[in-house]
Each structure stands twice: as C-alpha cells, then as structure tokens.
Amino acid sequence: MTASTILCVNGRHVTVEADSKTPLLYVLRNDLGLNGPKYGCGLGECGACAVLIGDRAARSCTVPIGAVKTRPITTLEGLGTERDPHPVQAAFIAHQAAQCGYCLNGMIIATVALLRANLHPAEAEIRQALRHHLCRCGTHIEILAAVRAAAAPADTGDRTRGDRTCGDRT
C-alpha cells in the first residue's frame, strides 16, 4: 500500500510516495535521482548499493524504507562535492582506486563507516570492512592503498564529515 514517507537523505527531509516495503535503493535512485548507490545483485551480497544509515554502512537494496524511519541516510553524493570531495573520496582519486567504478560507491561508503568507528584501523580491520564488497576489475591493491591513505592524516576530524542530520522539521 502506497503511503507518504518522510526520509532524511543527505541532510534534507524528503517525502516519497511508496509502499513501506519498497527497497531504499529504488527510492534513492528512481524517486530522488541519486546515482551513487548502484543496483548490483539485488540481494545485499555485492555492496554496490551501500549507503550510510547513521554511521553504519547498509545494503540499500535489502532495506525497506519503512525500516529506516527517521535515521539519517547518507549517499555518496552527500559525502562531498566535485570541488570539495570527502577525504575518503579524495584518497580514492589520488590513488586511482577505480577501473570501471561500479564497486566504488560501496568501497567508499564502507571506508567512511570504518573510519567513523575507528580512526586508525589496522590492515586486518580494513580488509575485514571491505571483504564483502565485490570488485570485479581487480583494483584491490589501489583500493587498500586509498583506505590506508584516508586513515593516515594527522587531522582526523575531517574524515568523519558528511554526517548530515536533518534536525527538527519545525
């Protein structure tokens, strides 16, 4: 049954007309025009559809919009801009951690979630955080280098930016 649902996406309240069981990915891409999260497998296995819900990475293809409630959702577009990329995005660019780019959304979102939980992860923790994000092109070496670089700066405050809450709707 279609109903109005208010979501907090990239720091903005948005109202969508959809069934509460509609996957968040469909709303983000089809209704809101956000193309960062990709449709990969539709089963939550590949990680291409990852978004941040609060500070945690979630597979948006398996999360119904009714389960999100008022928690803030951050997509790749909500992290940074072309002129002012998020430090994790900048590290991925600097280390040329892309070939086809399909997995990058999930890799970047997972890295941001990791660094919000642990500013100085060990190599094993980095690999653990990325292990369920599939990259078919084989740029794993560059991706790992980018994550290590994003985790290295002495100024740690900037790596957690991009957490936009919607605040009160009054």
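Summarised in this report is the structure supplied together with it. All values derive from a computational prediction rather than experimental measurement. (Residues numbered from 1 in each chain as written. Predicted model: local features only at pLDDT ≥ 70, side-chain atom pairs only at ≥ 80, totals over all residues. Heavy atoms only, no water.)

1. Notes on the overall build of the chain
Broken down by element type, the chain carries seven helices and five strands. On C-alpha atoms alone, the chain measures out to a radius of gyration of 16 Å, which is about the 15 Å that the 2.2 N^0.38 rule sets for 170 residues. Counting the 170 residues in the chain, one finds 45% classified as buried. Of the contacts formed within the chain by residues at least 6 apart in sequence, a portion of 61% connects residues at least 24 apart. Carbon and sulfur atoms provide 51% of the accessible area of the chain, an area that totals close to 8,900 Å². (Helix = DSSP H or I, 4+ residues; strand = E, 2+ residues; numbered from the N terminus. Rg over C-alpha atoms; globule rule 2.2 N^0.38 Å. Buried < 20%, exposed > 50% of the residue type's maximum accessible area, 1.4 Å probe, protein only. Contact = heavy atoms within 4.5 Å. Areas by Shrake-Rupley, 256 points an atom, 1.4 Å probe, with all protein chains shown as cover.)

2. Observations regarding the nonpolar core
With 26 residues, the main nonpolar core has Val88, Phe92, Met107, Leu130 and Ile143 as its most contacted residues. If you list the elements that add at least two residues to this core, you get β3 (50-53), α4 (87-94), α5 (104-117), α6 (123-130) and α7 (140-151). Tallying contributions element by element places α5 first for this core, with nine residues. When residues of this core are assigned to domains, at least three fall in each of domain 1 (2-79) and domain 2 (87-151). Among the nonpolar cores identified, the runner-up in size contains 16 residues, and Val14, Ala18, Ile53 and Ile65 belong to it. (Core = buried A, V, L, I, M, F, W, Y, C linked by side-chain atoms within 4.5 Å. Domains from an automatic or database assignment.)

3. Details of the pattern of salt bridges
Per the stated rule, a full pass over the model turns up three salt bridges. Here arginine 116 ties to aspartate 55 by a salt bridge, and the two come within 3.0 Å at their closest N and O atoms. Taken together, the residues arginine 116 in helix α5 and aspartate 55 in the loop between β3 and β4 (56-59) connect sequence positions 61 residues apart. Relative accessible area serves as the criterion here: at 15%, arginine 116 is assigned to the buried category. Glutamate 123 is the partner of arginine 148 in a salt bridge, and the nearest nitrogen-oxygen pair spans 3.0 Å. Of this pair, arginine 148 sits in helix α7 while glutamate 123 sits in helix α6, and the two are 25 residues apart along the sequence. A residue is classified by how much of its surface remains accessible, and arginine 148, at 37% relative accessible area, is partly exposed. (Salt bridge = Lys/Arg side-chain N within 4 Å of Asp/Glu carboxyl O.)

4. Here's the deal with the side chain of histidine 133
Relative to the helices and strands, histidine 133 resides in the loop between α6 and α7. Residues within four places of histidine 133 in sequence aside, it is in contact with Cys46, Gly47, Ala50, Arg59, Gly106, Met107 and Ala110.

5. Quick look at the packing of α4 against α7
Put simply, α4 and α7 touch, their axes get as near as 8 Å, and they point 140 degrees apart. Judged by the inter-axis angle, α4 sits oblique to α7. For the pair α4 and α7, the crossing hand works out as right-handed. Together, Val88, Ala91 and Phe92 of α4 and Ile143, Ala146, Val147, Ala149 and Ala150 of α7 make up the contact between the two elements. (Axes fitted to C-alpha atoms, helices over the stretch in contact; angles between N-to-C directions. Parallel < 35°, antiparallel > 145°, perpendicular 65-115°, else oblique. Left-handed = near helix turned anticlockwise from the far one by under 90°.)

6. A look at helix α1 (residues 24-31)
In an α-helix, one turn spans 3.6 residues, which is why side chains three or four residues apart end up on the same side. Every buried residue of α1 is listed here: Leu24, Leu25, Val27 and Leu28. Looking at the buried residues of α1, the elements they touch are β1 (2-9), β2 (12-19), β3, α2 (65-68) and β5 (72-74). Glycine 33 lies just past α1 and shows a positive phi near 70 degrees.

Note that all results are geometric; they support no functional claim without further evidence.
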